[in-house]
Amino acid sequence: MDQGYQHLCLAKARRLLFLVGATVAIVIVVQYLEFPSSRVLVSLFSAVNTRSFMSRNSSTGLEVLGNMTLSNGLNTTNTGILHETTDSDEASDDKKETAEVSKSEEKEGSPNNTNESERKRGSSDSFGLVSNETTSDDLANQDKNSTLNTINGSEEKKAMAPDASYINVDKDIAPISGRNRSSDADPGYPSSAPTMMNTFSNKTFSTDENSSPMIFESSNTSSVRKDTAGALKRDENSMSTSGSFSSKVTAAKRKTSKKPPSRVISIYQMNELLRQSHASSSSVRPLWPSGVDQEMLFAKSQIENASLVKNESRLYAPIYRNVSMFRRSYELMEKMLRVYVYQDGEKPIFHQPILDGIYASEGWFMKHMEANENFVTKDPGKAHLFYLPFSSRLLELTLYVRHSHSRTNLIEYMRNYAGTIAAKYHFWNRTGGADHFVAACHDWAPAETRGPLLNCIRALCNADIEVGFSIGKDVSLPETYVRSAQNPLKNLEGNPPSQRPILAFFAGNMHGYVRPVLLDYWGNKDPDMKIFGPMPHVKGNANYIQHMKNSKFCICPRGHEVNSPRIVEAIFYECVPVIISDNFVPPFFEVLDWESFAVIVLEKDIPNLKNILVSIPEEKYIEMHKRVKKVQQHFLWHSKPEKYDLFHMILHSVWYNRIFRIRPA
């Protein structure tokens, strides 16, 4: 009987297991049949966990959405772009360096050769010499985790945007997976001079308060922008080309391993981010008070209430967001600003400027800053700003291990340097580095200035929102190609509008995914559009320079990275720049009204490029040309700094951004 009872129990257990299994199977089948786009059980558990986590953070004013944390405190409108920073990002992008780096290295010789090799490299990069570098996917892992959110209400405001016809993102374009770039300044002729692969792989975004942007709306809004806003709308015929454009971009990115950005932030949205930043004081509060804070708060009040500028011969009001505020801020900078320059750090990475080539901006600024007697103070207690004089170019040349395909040691070197400064001096700790700044032009600089340096004001040539550039805190540093350190103003000026028979001009190497598409659409397709690859070599680059001086518009497409020295070159030769580089923040964005003297075209609108340019009336073009000439003074290097020149503009933007982020202790 006991044996029979055991058989009966075993049979019932089997039936029970069968019923449980069948029930589970039915639930799974029903779930996937009825809810094919979601997993109900997972969603339920996720919702419970999220609500629980949100309740735990409610006291701190944080709101958690999935794995993203948004502030819902006093600055709830400042959610324009979320930045995430993780050390794991550094590990992932540093492990994935392009194999083409080794090809460039073999042609370069010793990376420590900072004279002749640098000079050749600068010439090569700026004139579009034939090079072997390509791009890589060293941000592929990071892109899965990074997020760009549009600013609040931007979807509803698109119709009101000055460039509303260019705001929508082309959904056919794949998300970005890489951010590597060789030198972008390649006006274009072949040569045997070696080139350097400048691979950049930073996809880090800061979630701290320091990432808030800033703006002031100009009281003298550009009439050119207003009058041409409608004229610059896309032609309906371009809609039929969107499919072919996407396929061309896909083909181009296959060759370069580059992809378009996952989210495009229009110039209108950038303006909105800057405006929001000015409307809120989101900088870190100092740990203890200082007299310099009160001085800067006084300066901020003076700038915000600046009297109206009536007569200023050197400042042409339409090129500025607010000329009155700019002039008052500049005057206060000249009168008040004191900068402490750290003597720490050994050459060549520190205190050794490179004055020619396409990375010359960081070198010229370092040279003038360290030698300046008007702004530099030996007493750090009186300093409003603290300068860390390092060269991102020389950091790469000195420490990058050839064939390693890793920049981890470069990033770690700068992290250790910041740690040394913080341990040795208490000035860093008072503000967490918010009153410190760097000026770096190499493509890798955003990666090298991560970690604690992310809190600093970073003047960067690679001013890409999607790789962590913070509008309103960071400064877009102009990338200037200096051909002669002895005469940086050689060949300045161009022809008047009546002597510019060419509608648009571009020549250069096919870096990145944009230029091949530009060449495919417009190369040898239209006599008005002089779009070339590398140009044949002519002594002194006369052919390229003459084309710029003879063209109404100079096309400035991105290369491997968003920045290009062509923008400054166009201004140098008085040619209206046409910027084709999504998510690029133009230089001195906080004070200059770029839409008044430049044309900004989204990458997806390349097929309609000529229509956009010819739709600008002649009288408006003449006014834009005039404004390019007026803004030129802000983009010139002089052997000795002059009022309103490039050195002073960089320093002013650092000062200006710090002023509007200062908070009393």
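Looking at an unreviewed UniProt entry, one finds the protein chain named Probable glycosyltransferase At5g03795 and attributed to Populus euphratica.

**Q** Is there a simple way to think about the packing of aromatic side chains in this case?
**A** Each aromatic ring pair is summarised here by two numbers: the centre-to-centre distance and the angle between the ring planes. Within the structure shown, the criterion is met by 27 aromatic pairs. Here the aromatic rings of Trp594 and Phe635 are separated by 6.0 Å at their centres, their planes lie at 75°, and the arrangement is edge-to-face. With Trp594 in the loop between strand 11 (576-580) and strand 12 (599-600) and Phe635 in the loop between helix 22 (618-631) and helix 23 (646-659), the pair connects residues that are 41 residues apart, well separated along the chain. Of the two residues examined, Trp594 and Phe635, each falls in the buried class. For the cation-ring pair, Arg407 lies above Trp444, with the distance from its terminal atom to the ring centre recorded as 4.8 Å. Over the face of the ring belonging to Tyr644 we find Lys643, whose NZ or CZ atom lies 4.9 Å from the ring centre.

**Q** It is not clear to me how the sheet that holds strand 11 should be interpreted in this structure. Could you clarify?
**A** Hydrogen bonds between backbone atoms are what pair the strands of a sheet, whose relative direction is either parallel or antiparallel. The five strands are arranged 9-8-10-11-12 in an open sheet whose pairing can be described as parallel. At either margin of the open sheet sits one strand with a lone partner, and together these are strand 9 (529-532) and strand 12. Of the strand pairs in this sheet, strand 11 and strand 12 are connected by two bridges, and their pairing is parallel. Looking at strand 12, one finds that Val578 is bridged to Val599.

**Q** In this structure, what is going on with the state of the cysteines? I would like to understand it.
**A** Each disulfide consists of a covalent bond between the sulfur atoms of two cysteine residues. Within this structure, the stated rule accounts for two disulfides. The residue that forms a disulfide with Cys441 is Cys461, at a sulfur-sulfur distance of 2.1 Å. What sets the handedness of the Cys441 and Cys461 disulfide is the S-S torsion sign, and at about -95° it is left-handed. Of this pair, Cys441 sits in the loop between strand 5 (436-440) and helix 17 (445-448) while Cys461 sits in the loop between strand 6 (457-460) and strand 7 (475-476); the two residues are 20 residues apart in sequence, bridging distant segments of the chain. Here Cys441 and Cys461 have matching classes, each one buried. At a sulfur-sulfur separation of 2.2 Å, the disulfide partner of Cys554 is Cys575. Its torsion about the S-S bond being 110°, the disulfide of Cys554 and Cys575 is classed as right-handed. Separated by 21 residues along the polypeptide, Cys554 in strand 10 (residues 551-557) and Cys575 in the loop between helix 20 (566-572) and strand 11 bring together distant segments of the chain. Like Cys575, Cys554 is buried. Along the protein chain, the cysteines engaged in disulfide bonds are linked according to the scheme 1-2, 3-4 when indexed in sequence order.

**Q** In this structure, what is going on with the sheet that holds strand 5? I would like to understand it.
**A** Sheet architecture is open: five strands sit in the order 3-4-5-6-7, paired in parallel fashion. Among the strands making up the open sheet, the edge pair consists of strand 3 (339-341) and strand 7. Here two bridges tie strand 6 to strand 7, and the two strands are oriented parallel to one another. Looking at the pairing, Ala459 lines up with Val475 of strand 7. Its contacts with the sheet place helix 13 (residues 360-371) against strand 3, strand 4 (385-387) and strand 5, and it is angled at close to 135° to strand 5.

How each quantity is defined
Residues numbered from 1 in each chain as written. Predicted model: local features only at pLDDT ≥ 70, side-chain atom pairs only at ≥ 80, totals over all residues. Heavy atoms only, no water. Phe/Tyr/Trp six-rings, centres within 6.5 Å; stacked < 30°, edge-to-face > 60°. Helix = DSSP H or I, 4+ residues; strand = E, 2+ residues; numbered from the N terminus. Buried < 20%, exposed > 50% of the residue type's maximum accessible area, 1.4 Å probe, protein only. Lys NZ or Arg CZ within 6 Å of the ring centre and 35° of its normal. Pairing = 2+ DSSP bridges. Disulfide = S-S within 2.5 Å. Contact = heavy atoms within 4.5 Å. Axes fitted to C-alpha atoms, helices over the stretch in contact; angles between N-to-C directions.

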